[in-house]
Amino acid sequence: MRLMKALLIFLLFYFFQEINYGQVYLAPNKQKPSHLIQADSVFIYPKLLSELRYASEDNFLQEKLYPQDPGVWLEKETARALRMVDGDLRNYGLRLLIWDAYRPYSVTQYLYENSPNKRYVADPRRGSVHNRGSAVDVTLTNLEGVPLEMPTDFDAFGLKATPVYLGGSEVSRQNRNVLIRVMTHRGFKVNAGEWWHFEFKNAYQHSISDWRPWDGL
Ligand SMILES: [Zn+2]
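The model shown is predicted, which means the values in this text are computed figures rather than measured ones. Sequence order sets the numbering: in each chain, residues are counted from 1 along the sequence as written. Given that the model is predicted, a residue must reach a pLDDT of at least 70 before its local features are reported, and side-chain atom pairs must reach 80 or more before they are shown or counted; all residues, however, enter totals for whole chains, interfaces and linings. Note that water and hydrogens are dropped before the side-chain values are worked out from all heavy atoms of the structure.

Caption draft 1: Main features of the environment of Leu 166. The helix and strand labels rest on DSSP assignments: H or I over at least four residues marks a helix, E over at least two residues marks a strand, and numbering proceeds from the N terminus. Take Leu 166: it is sitting in the loop between strand 5 (135-142) and helix 4 (170-185). Here the alpha-carbon distance between Leu 166 and Pro 151, two residues 15 residues apart in the chain, equals 9.4 Å.

Caption draft 2: View of unusual backbone geometry. The phi angle at Gln 62 is positive, at roughly 50 degrees, despite the residue not being glycine. Backbone geometry at Asp 155 places phi at a positive 60 degrees, although glycine is not the residue there. Residue placement: Asp 155 occurs in the loop between strand 5 and helix 4.

Caption draft 3: Fine view of the coordination of the zinc ion. Counted as coordinating are nitrogen, oxygen and sulfur atoms within 2.8 Å of the metal, or 3.2 Å for Na, K and Ca, while water is not included, which may make sites look incomplete. In the first shell of the zinc ion, the protein supplies His 130 (NE2), Asp 137 (OD), Asp 137 (OD) and His 197 (ND1), at 2.0 to 2.8 Å from the metal. With four donor atoms in place around the zinc ion and angles of 51 to 155 degrees between them, the coordination shape is irregular. Donor residues for the zinc ion sit on one chain with the sequence pattern H-x6-D-x59-H. Placement of His 130 in the loop between helix 3 (105-114) and strand 5 and of His 197 in strand 7 (residues 197-200) is noted, with a sequence separation of 67 residues between them. Metal sites are grouped by the angles between bound donors: all angles between 85 and 135 degrees with four donors is tetrahedral, opposite donors over 155 degrees apart with the others between 65 and 115 is square planar for four donors and octahedral for six, and any other pattern is irregular.

Caption draft 4: The arrangement of the packing of helix 2 (residues 76-90) against helix 4 in detail. The N-to-C vectors of helix 2 and helix 4 enclose an angle of 130 degrees; their axes lie 9 Å apart at closest approach. Between helix 2 and helix 4, the crossing angle belongs to the class labelled oblique. Helix 4 is crossed by helix 2, and the crossing has right-handed handedness. Between helix 2, through Leu 82, Val 85, Asp 88 and Leu 89, and helix 4, the contact on the second element is made entirely by Val 182, Met 183 and His 185. Nonpolar residues are Ala, Val, Leu, Ile, Met, Phe, Trp, Tyr, Cys and Pro. Charged residues are Asp, Glu, Lys and Arg, and all others, Gly as well, are polar. Within the contact of helix 2 with helix 4, the residues separate by chemical class into five nonpolar, one polar and one charged. Angles shown run from 0 to 180 degrees and are taken between the N-to-C directions of axes, each axis being a line fitted to C-alpha atoms and, for helices, limited to the stretch in contact. We call two directions roughly parallel when the angle between them is under 35 degrees, roughly antiparallel when it is over 145, roughly perpendicular when it lies between 65 and 115, and oblique otherwise. The crossing is said to be left-handed when, going from far helix to near helix, the turn is anticlockwise and less than a right angle, and right-handed when the turn is clockwise. Any two residues having at least one pair of non-hydrogen atoms within 4.5 Å are treated as being in contact.

Caption draft 5: Quick look at the environment of Gly 87. Relative to the helices and strands, Gly 87 resides in helix 2. Here the alpha-carbon distance between Gly 87 and Tyr 45, two residues 42 residues apart in the chain, equals 8.6 Å.

Caption draft 6: The arrangement of the pairing of strand 5 in detail. When a residue's accessible area, from a 1.4 Å probe over protein chains only, is under 20% of the maximum for its type it is buried; when over 50% it is exposed; and in between it is partly exposed. The buried fraction of strand 5 is high, at seven of eight residues. Two strands qualify as a pair provided DSSP detects at least 2 bridges between them. As paired strands, strand 4 (residues 94-100) and strand 5 are joined by six bridges and run antiparallel to one another. Each residue of the ladder has a partner; that of Leu 94, found in strand 5, is Asn 142. Taken together, the three bridges between strand 5 and strand 7 define a ladder with antiparallel strand orientation. Opposite Val 136, over in strand 7, you have Phe 198 as the bridge partner.

Caption draft 7: The arrangement of the pattern of salt bridges in detail. Note on definitions: salt bridges are taken to be side-chain nitrogens of Lys or Arg within 4 Å of carboxyl oxygens of Asp or Glu. This model, assessed by the stated rule, comprises 14 salt bridges. With a shortest N-O distance of 3.0 Å, Asp 86 and Arg 90 are connected by a salt bridge. On the criterion of helical spacing, the pair formed by Asp 86 and Arg 90 is a turn pair, its members being four residues apart in helix 2.

Caption draft 8: Spatial organisation of helix 3. Taken as a whole, helix 3 has its buried residues at Tyr 105, Val 107, Thr 108, Leu 111 and Tyr 112. The buried residues of helix 3 occupy an angular sector of 160 degrees when the element is viewed end-on, so they sit on one face. In this description, one arc is meant: the one made by directions from the helix axis to the C-beta atoms.

Caption draft 9: Broad picture of the side chain of His 35. By the element assignment, His 35 lies in the loop between helix 1 (2-22) and strand 1 (36-38). The class for His 35 is buried, based on a relative accessible area of 12%. The residues contacting His 35, other than those within four sequence positions of it, are Leu 74, Glu 75, Lys 76, Arg 132, His 206 and Ser 207.

What follows is the structure in structure tokens.
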């Protein structure tokens, strides 16, 4: 009987949670926010290298989530800081390769609903910093654009993806640490679970958006 009671309380609690939090998603604006710009517009330098993984099937869902490659859209200050990092890296014969930048809110929602492991994807009840245009997923390449060895690929989950992972090859750890150092120097902070995900220092000053750049292309 006591067990039944405990079970009932658990179920009530569970449903209460679901009702109160489970269904309540944000409803961000679909208009283009004024804080977003195309990252290449800030410098006359050669274009930032990008290979947006959600604009292809080369991602953990193996689905194309961006119908067209929209280019690298970011919040203004974030874009400027990222171009500085790319400039810094050239002195060492390196470049940035962008895997993702601004991401519309509805894509975050889709990723969450379809992810086999919800612990590793942004919860749509809070939104992702990518939706604000202040987060970027990046790796390093040489000057010819050939990616350097890193501890994991994009969107790997688990211990190997953390920025403090001590396994794998020494070269991969060195490359990861160089990336973290140059990004940190320009005001970015690495995510505790994903060595490739960086957020700019002003991230929470900007609103979450569901503007879909490819709709206007
Ligand atoms: Zn990210």
